[in-house]
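So you can see what is in the structure, the chains are spelled out below.
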Amino acid sequence: MPVQCNAVEVPAVASMLRGSMSDPIYDDLNEQQQSAVAHGSGPMMVLAGAGSGKTRVVTRRIARLLRDGTPSGAILAMTFTNKAAGEMAHRVQQLGGDYVRVATFHSACARFLRRDGHHLGYPSDYSIYDVQDRDTLIKELMAEHGVRSSQIKPAAIGNVISRLKNAALAPDTTALGDDDIAQAVRKLWTPYHERMKQVGAMDFDDLLLVFLQLLREFPAVAERYRERFRYLLVDEFQDTNRVQYDLMKRLCPPPGNLCVVGDPDQSIYSFRGAEVRNILEFERDYDPCTIVRLEQNYRSTATILRAAENVIANNRQRLDKRLRTDNPDGDQLRRFRAATATEESAAIVDRIAELRDDGVELDQIAVFYRAHWLSRAIEQSLKTAGVPYTIVGGQTFFERREIKDLLAYLRVLVNPLDDVSMARIVNVPPRGIGKTSLEKLRQVAFSEGMSLREVVADPALHGALTGKGRKGLAELADALERARVAAGYGVHAALEVILKTTGYVQHATTFGDAEDSTREDNIKELISDAIEFDDAEPEDDPFAAPGEEPQAGVAGYLQHVALLTSADSGEGDGPVVQLMTVHAAKGLEFDHVMIAGLEEGVFPSFRSIDDADALEEERRLCYVALTRARVTAMLSHARERMVAGSLDSMRPSRFFKELPKDCIADYAPTWRRYELDDDVDHDTGWTVTMDPEQLANVRVGVRVRHQEYGSGQVTRLAGRGISARAVVRFDDGREREFVLEYAGLDLLEDSGF
DNA sequence: CCCGGTAAACTTTTT
DNA sequence: GTTTACCGGG
């Protein structure tokens, strides 16, 4: 029987709390929540613990501002993800705040730059490059500047550039170091940004950075924005990075009406430059500011909350903070020790069936994991069991190859400078313009001082190519010109012309791989999305100000699409189980939560295991995962898992040790007909098969025996202590990696190696 | 230029 | 196990 623990709809409690403030806006709010809603002008920081009713406070506060006469166009609410923005926009709209602007930092800046980027020399129809586009460009630049791409991957350089920009740094910083990648970054930094500007493009980081630069260098423009948005609200403040914080300060300098809401324990984006430090700086920069703490949890059972609090209590770098709840204890957490990943997913299916039999709606069940690749096994089991589900995130619809190709076509229509997009489609579908032909075209473009698109558009410049290539070029020029004309009638029209004149569908469905059949569906989906966009009333754009030109047409569509994630794609049909990474789960809540893959090296990730700070972030991630659950939580781990092609022995996550023992009980499905080892290690639950003395003798080259695989030789060692692992090449050629302490390897005599 | 083969590397997390 | 890079024959 599900425990009802959401205090949202209990009027009796509300009337007691309401006290002197007899006003529907303060209905069902506790004292702290009320003070946050009632706060007048000036800076405020709301430290909102998990499940403490943050969203309600924010939306009620907006409602109050509106009711007390603040024009809705003067309120700007910044969120972190599109999903959060959409949800908040929806709620605010219900309150009558039609013109309250709710957006992510990125989409807001993208929008502002469309209008004001020209001050810095950017076209209003600039392209927004995603990571793929960025890396394509970096790869080109590496070739041009003699950086060996076989040694360093473009993505590595791109990531470093991005990290620097997120911290508002340039490559002259000492923080960059001096390894191969750092040197490449120094060499390519300026060319990269020059080229980006030349092709009229910005990457995700530029959206923020360039807008910040604009505010800095054009005080009059900055003043215009400050006057327009007199109330600024920033959600998930703990996840803002340096640049975002600088933006906030420019848009709403002290002692402005800046309201930030956050929870330091849920800071999980440091890899993207998020600085929890911003919370401390806010107190200093906006002193004196009102600080409100929301410490009453209305979401989870007391048991779940206690489990989560105990885990997070292991973090050393932490403000003292505790959450209370009046909710009932509820069930214990369940722990499932699986032999394999397959068995783990079987248990998940099993548990879902159990919940469904109890009458639980499937959309109240979520499965979380640390990284996307873990979803595969679970997905497979759900599929075979016929459990309907969706995967939130993962490869975005708009990152699919066929979609990116078509969007690249649209981009070159709107932004003729965009050589990266042009190079992408110049031979897609194949029209006889390969690498060498493209190089010739680039030469022409360079000597003429033109973009590729302009060269293609001018038949007089086609002389560089002959035969097949030249014919193909003429066809491409024709297709683009027709599409350009069609674009005047809308996105759909442009797409149809592109598809028809290039024969793209035929091309995309004959790659000869498994996805051939789904590609056509994807293209159809893109078309219906385009139609929907074409048909949408300009007012449907929650970000359009009254009187502001509507964001329509192909350019508008591209901008809209560039910042979308699959997490934003609409709810499918009917309630389905939700699968997602823990990151994607932030801000959501479900009655029943399952967390899979709780193993050392997976969650916490092996990349974080040797770094105290990174490990604390993993722990916050675990805290976020647990606090999503309202009623029950099941935590599972497998003892063996396929990781990057090899079967690894896994140990249970250290987070299990951090849960109070009475919070959690083993989950024992009746279908499992065997038991894992009886003789279990107290902490880990698994048999220790190699004693520490033996363990110390394991060296590269030593021969070992494994029950199942026979004898072999250790070829590589990794990790220390209890996480020490060895790669063993067996005599039959198979290679496996083991956690020594648990793998059951026997040391053989030194065989004269 | 294109397609097929085989080798090699590889999996955090997101706007 | 999966995706990408590179190479050689049509």
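Check the entry above for the structure.
Residues numbered from 1 in each chain as written. Chains lettered and ligands numbered in written order. Predicted model: local features only at pLDDT ≥ 70, side-chain atom pairs only at ≥ 80, totals over all residues. Heavy atoms only, no water.

Draft legend 1. Representation of helix α26 (residues 612-627). Between its terminal C-alpha atoms α26 stretches 23 Å, which fits the 22 Å expected from 16 residues at 1.5 Å a residue. In terms of burial, α26 is largely enclosed, as 13 of its 16 residues are buried. Capping the start of α26 is the job of one residue whose side-chain oxygen sits 2.9 Å from the backbone nitrogen of Asp613: Asp611. (Helix = DSSP H or I, 4+ residues; strand = E, 2+ residues; numbered from the N terminus. Expected span 1.5 Å × (residues − 1). Buried < 20%, exposed > 50% of the residue type's maximum accessible area, 1.4 Å probe, protein only. Polar contact = N/O pair within 3.5 Å; in protein donor to acceptor, adjacent residues only side chain to side chain.)

Draft legend 2. The arrangement of helix α18 (residues 435-448) in detail. Here α18 is 14 residues long and its end C-alpha atoms lie 20 Å apart, about the 20 Å a rise of 1.5 Å per residue gives. When α18 is considered as a whole, its buried residues turn out to be Ser437, Leu438, Leu441, Val444 and Ala445. Viewed along the axis of α18, the buried residues span an arc of 115 degrees, placing them on a single side of the element. Projecting away from the buried face of α18 at angles above 90 degrees are the exposed residues Lys435, Thr436, Gln443, Phe446 and Ser447. Backbone geometry just downstream of α18 places Gly449 in the positive-phi region, at approximately 65 degrees. (Arc of directions from axis to C-beta.)

Draft legend 3. Just the protein's contact with DNA strand B, in detail. What surrounds DNA strand B is a group of 26 residues, the closest being Arg272, Arg370, His372, Arg607 and Ala644. Here a base oxygen of DNA strand B sits 3.2 Å away from a polar atom, N or O, in the side chain of His106. Note that a phosphate oxygen of DNA strand B is positioned 3.1 Å from one of the side-chain N or O atoms of Ser437. Top element by residues in the surface near DNA strand B is α18. It accounts for 3 residues. (Near = heavy atom within 4 Å.)

Draft legend 4. Structural view of the pattern of salt bridges. For the structure on display, the rule yields 47 salt bridges. A salt bridge links Lys321 to Asp265; its shortest N-O distance comes to 2.9 Å. In this pair, Lys321 sits in the loop between α13 (302-312) and β9 (333-340) while Asp265 sits in the loop between β7 (257-262) and α12 (277-285), placing the two residues 56 residues apart along the sequence. Take Lys321: its relative accessible area is 10%, and that puts it in the buried class. Under the relative-accessibility criterion, Asp265 is labelled buried at 4%. One salt-bridge network, in which partners are shared between bridges, spans Lys54, Asp235, Glu236, Asp239 and Lys586. (Salt bridge = Lys/Arg side-chain N within 4 Å of Asp/Glu carboxyl O.)

Draft legend 5. Up close: the packing of helix α21 (residues 491-502) against helix α23 (residues 516-535). Two numbers describe how α21 lies on α23: the axes approach to 8 Å, and their chain directions differ by 150 degrees. Taken together, the axes of α21 and α23 are roughly antiparallel relative to one another. Residue-level contacts link Val491, His492, Leu495, Glu496 and Leu499 of α21 to Ile523, Leu526, Ile527, Ala530, Ile531, Phe533 and Asp534 of α23. Class assignment of the residues belonging to the contact of α21 with α23 gives a composition of 9 nonpolar, 1 polar and 2 charged. (Axes fitted to C-alpha atoms, helices over the stretch in contact; angles between N-to-C directions. Parallel < 35°, antiparallel > 145°, perpendicular 65-115°, else oblique. Contact = heavy atoms within 4.5 Å. Nonpolar A, V, L, I, M, F, W, Y, C, P; charged D, E, K, R; others polar.)

Draft legend 6. Fine view of the sheet that holds β7. Taking strand neighbours across the sheet as the criterion, the 6 strands line up as β3-β2-β6-β7-β1-β8 in an open arrangement whose pairing is parallel. Both edges of this open sheet fall to β3 (101-104) and β8 (290-294), since each of them pairs with a single strand only. Across the sheet, the axes of successive neighbouring strands diverge by a mean angle of 15 degrees, strand direction being ignored. Pairing of strand β6 (residues 231-234) with β7, which is carried by 4 bridges, proceeds in the parallel orientation. Its bridge partner lying in β7, Tyr231 is registered against Asn257. This element, helix α5 (residues 105-116), spans β2 (75-79), β3 and β6 of the sheet and lies at about 110 degrees to β3. (Pairing = 2+ DSSP bridges.)

Draft legend 7. Just empty space enclosed by the protein, in detail. Enumeration according to the criterion identifies 4 cavities of 30 Å³ or more in this entry. As a volume, the largest cavity reaches approximately 60 Å³. Lining the largest cavity are Gly42, Arg61, Leu65, Ile75, Tyr231, Leu232, Leu233, Asn257, Leu258 and Cys259. Mapped onto the lining of the largest cavity, the elements with two or more residues apiece are α3 (54-67), β6 and β7. Looking at the lining of the largest cavity, its residues break down into 7 nonpolar, 2 polar and 1 charged. (1 Å grid on protein atoms, 1.4 Å probe; cavity = no way out; pocket = protein on both sides within 12 Å on 5 of 7 lines; lining within 4 Å. Points joined across faces, edges and corners; volume = space filled by probe spheres on them.)

Draft legend 8. Looking closely at the side chain of His637. On the secondary structure map, His637 appears in strand β14 (residues 629-643). With a relative accessible area of 0%, His637 lands in the buried category. Here the side chain of His637 touches Arg335 through a polar contact of 3.1 Å, side chain to side chain.

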